[in-house]
Amino acid sequence: SLRFPEKLWKMLESSKFQSIWWTEGGKCVAINKDLFEVEVLGREGEQVFHTQKIKSFIRQLNAYGFTKVQWNFQRSASLPEFLAEEAAASAHSQILYYYNPSFNRAHPWLSETCKRR
């Protein structure tokens with residue numbers, strides 16, 4: 001059985017999952033919360049993680065040193081652009097971003113140092 005970081009890595013590298021991916025640059029993990037709950041945690045039979053609750057999954061991330069990061073949007077001065085950006089930002093509110101300095105796509109060997117606290 002794989003450790004949590006190894007399962008997470010395999011999932012990120014797999015094309016099977018649409019709800020979790022590397023951010024640009026491969027430094028953060030992005031999770032579409034609603035889709036993840038259905039696609040990963042709601043799986044019948046073959047469960048990836050030993051939970052069906054997003055809170056438990058996030059607790060696991062935290063236990064392995066991941067921290068939640070805010071994704072900052074640059075706001076425009078013009079009202080139509082601002083409103084369009086607000087719509088995009090609210091769609092983004094379903095997306096959670098987590099960072100761990102030892103979990104980087106460009107340096108897979110670092111994930112070995114991800115230990116449970």
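Further up the page is the structure itself.
Treat the numbers as computed from the prediction; the structure is a model and nothing was measured. (Residues numbered from 1 in each chain as written. Predicted model: local features only at pLDDT ≥ 70, side-chain atom pairs only at ≥ 80, totals over all residues. Heavy atoms only, no water.)

K.L.:
Can you tell me about the nonpolar core, naming the residues and giving the values?
P.N.:
Core analysis: the largest hydrophobic core is formed by 25 residues, its most contacted members being Leu8, Ile20, Ile31, Phe36, Phe57 and Phe103. The set of elements that each furnish at least two residues to this core consists of helix H1 (4-13), strand S1 (20-22), strand S2 (28-32), helix H2 (33-41), helix H3 (54-63) and strand S4 (95-99). The dominant element in this core, judged by the number of residues it contributes, is H1, at five residues. Those residues in contact with Phe36 that sit more than four places away from it in its chain are Met11, Ser19, Ile20, Ile31, Leu41, Phe49, Ile54 and Phe57. (Core = buried A, V, L, I, M, F, W, Y, C linked by side-chain atoms within 4.5 Å. Buried < 20%, exposed > 50% of the residue type's maximum accessible area, 1.4 Å probe, protein only. Helix = DSSP H or I, 4+ residues; strand = E, 2+ residues; numbered from the N terminus. Contact = heavy atoms within 4.5 Å.)

K.L.:
Please provide a residue-by-residue account of the pairing of S4, values included.
P.N.:
The two faces of a sheet get side chains in turn, since along a regular strand they alternate between them. A large share of S4 lies buried, amounting to four of its five residues. Bridge count between S2 and S4: five bridges; the pairing is antiparallel. Across the sheet, residue Ala30 finds its bridge partner in S4, namely Tyr97. (Pairing = 2+ DSSP bridges.)

Read these as spatial facts, not as claims about activity.
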